[in-house]
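Read off the chains here:
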Amino acid sequence: MTVKIAIFDCDGTLVDSQANICMAMEHAFEGAGRTPPLRQDIRRVVGLSLVESMRVLLPHADDKTHDELAEHYRGAFLNLRNNGLVDEPLYDGMAALLSELDEDGWKLGVATGKSDRGLIRCLDHHAITGLFVTLQTADRHPSKPHPSMVYQALADVGADARNAVVIGDTVFDIHMGRAAGTRTVGVNWGYHRVAELREAGADYIAESMDDLKAYLKDFA
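In this text, all values refer to a predicted model and were calculated from it rather than measured experimentally.

Student: Tell me about the nonpolar core, and please be specific about residues and values.
Tutor: Buried together is how nonpolar side chains tend to be arranged in soluble globular proteins. Membership of the largest hydrophobic core comes to 61 residues, with the highest contact counts inside it found for Phe8, Leu14, Phe132 and Leu212. Excluding its chain neighbours within four sequence positions, the residues that come into contact with Phe132 are Phe8, Leu14, Leu98, Leu108, Gly109, Val110 and Leu123. The next biggest cluster of nonpolar side chains, apart from the first, holds 14 residues, and it includes Ala111, Ala153, Val166 and Met176.

This is the structure:
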């Protein structure tokens, strides 16, 4: 029996977390005595691991500074969470789509720049953790677009890359999937522009949740 797997990005694909990420990043830079990046620049790095995000946002700083900023970010995000300020709503229709795919026999996975703890908290909050059979995070892999997370997800479920699809909102997701040999879907409700997703080589662009469902229903 052919094993099919849909590997979802989290931030900007499953959930809309940009407000949290932007606030935590601003607080992280302020805590380190630096001028925070513009929010448009912060959104550009969503999906990368924390240290890699800092490298992109502050390219002329040294590794120690990048590591320190990453720690400031972790502390800032935890502080937001402890004060009840973290809000990561599922995109409309996503919960229903995941349930349908599960019922249709798809294996579901996540590949994200979040930490293990952050991802589990997010999925548990929405009561969808049990739908996923493989969870890959930046805690155990190189940053996107390296294909390591996809390779592990495929190995976890015994799927071939040709029967897998990576679904994400950034060029990092598209490049990751292409590097692993999967098909790729870019979604238009996240943080990178559709034109960029097409240029990165996305096999398909989902303009809506129904659009994504139709593509996956016809996946063969």
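So, next bit.
Student: Give a detailed account of helix H7 (residues 148-157), specifying residues and quantitative values.
Tutor: All buried positions along H7 are accounted for by Ser148, Met149, Val150, Ala153, Leu154 and Val157. Along its buried surface, H7 packs onto strand E1 (5-8), strand E2 (107-111), strand E3 (134-136), strand E4 (164-168) and helix H8 (171-180). Backbone geometry just after H7 places Gly158 at a positive phi near 70°.

Student: Any chance you could break down the packing of helix H1 (residues 18-31) against helix H4 (residues 63-82) for me, citing the residues and the numbers?
Tutor: Orientation of H1 relative to H4, taken along the N-to-C sense of each, is 125°, at an axis distance of 8 Å. One element, H1, and the other, H4, form an angle in the oblique class. Remark: the crossing between H1 and H4 carries right-handed chirality. Here Asn20, Ile21, Met23, Ala24, Met25, His27, Ala28, Phe29 and Gly31 of H1 lie close against H4, whose contacting residues are Leu69, His72, Tyr73, Ala76, Phe77 and Leu80. Tallied by class, the residues present in the contact of H1 with H4 amount to eleven nonpolar, four polar and no charged.

Cut-offs used in this document
In every chain, residue numbers begin from 1 and rise along the written sequence. For a predicted model such as this one, the threshold for reporting local features is a pLDDT of at least 70, and the threshold for listing and counting side-chain atom pairs is 80 or more; totals across whole chains, interfaces and linings nevertheless cover every residue. Side-chain metrics rest on all non-hydrogen atoms present in the structure, leaving aside hydrogens and water. In this text, buried Ala, Val, Leu, Ile, Met, Phe, Trp, Tyr and Cys residues form a nonpolar core when linked through side-chain atoms within 4.5 Å. Throughout this description, buried means an accessible area under 20% of the type-specific maximum (1.4 Å probe, protein chains only), exposed means over 50%, and partly exposed covers the range between. It only takes one pair of heavy atoms within 4.5 Å for two residues to be counted as in contact. Helix and strand definitions here come from DSSP, where helices need a minimum of 4 consecutive H or I residues and strands a minimum of 2 consecutive E residues; each element is numbered from the N-terminal end. For helices, the fitted axis covers only the stretch in contact; all axes are lines through C-alpha atoms, and the angles between them, taken along N-to-C directions, range from 0 to 180 degrees. Throughout this description, any angle smaller than 35 degrees is read as roughly parallel, any larger than 145 degrees as roughly antiparallel, any in the 65 to 115 degree range as roughly perpendicular, and the remainder as oblique. The handedness criterion is simple: a crossing whose near helix is rotated anticlockwise from the far helix by less than a right angle is left-handed, and one whose near helix is rotated clockwise is right-handed. Gly is placed with the polar residues, together with every amino acid not listed as nonpolar (Ala, Val, Leu, Ile, Met, Phe, Trp, Tyr, Cys and Pro) or charged (Asp, Glu, Lys and Arg).

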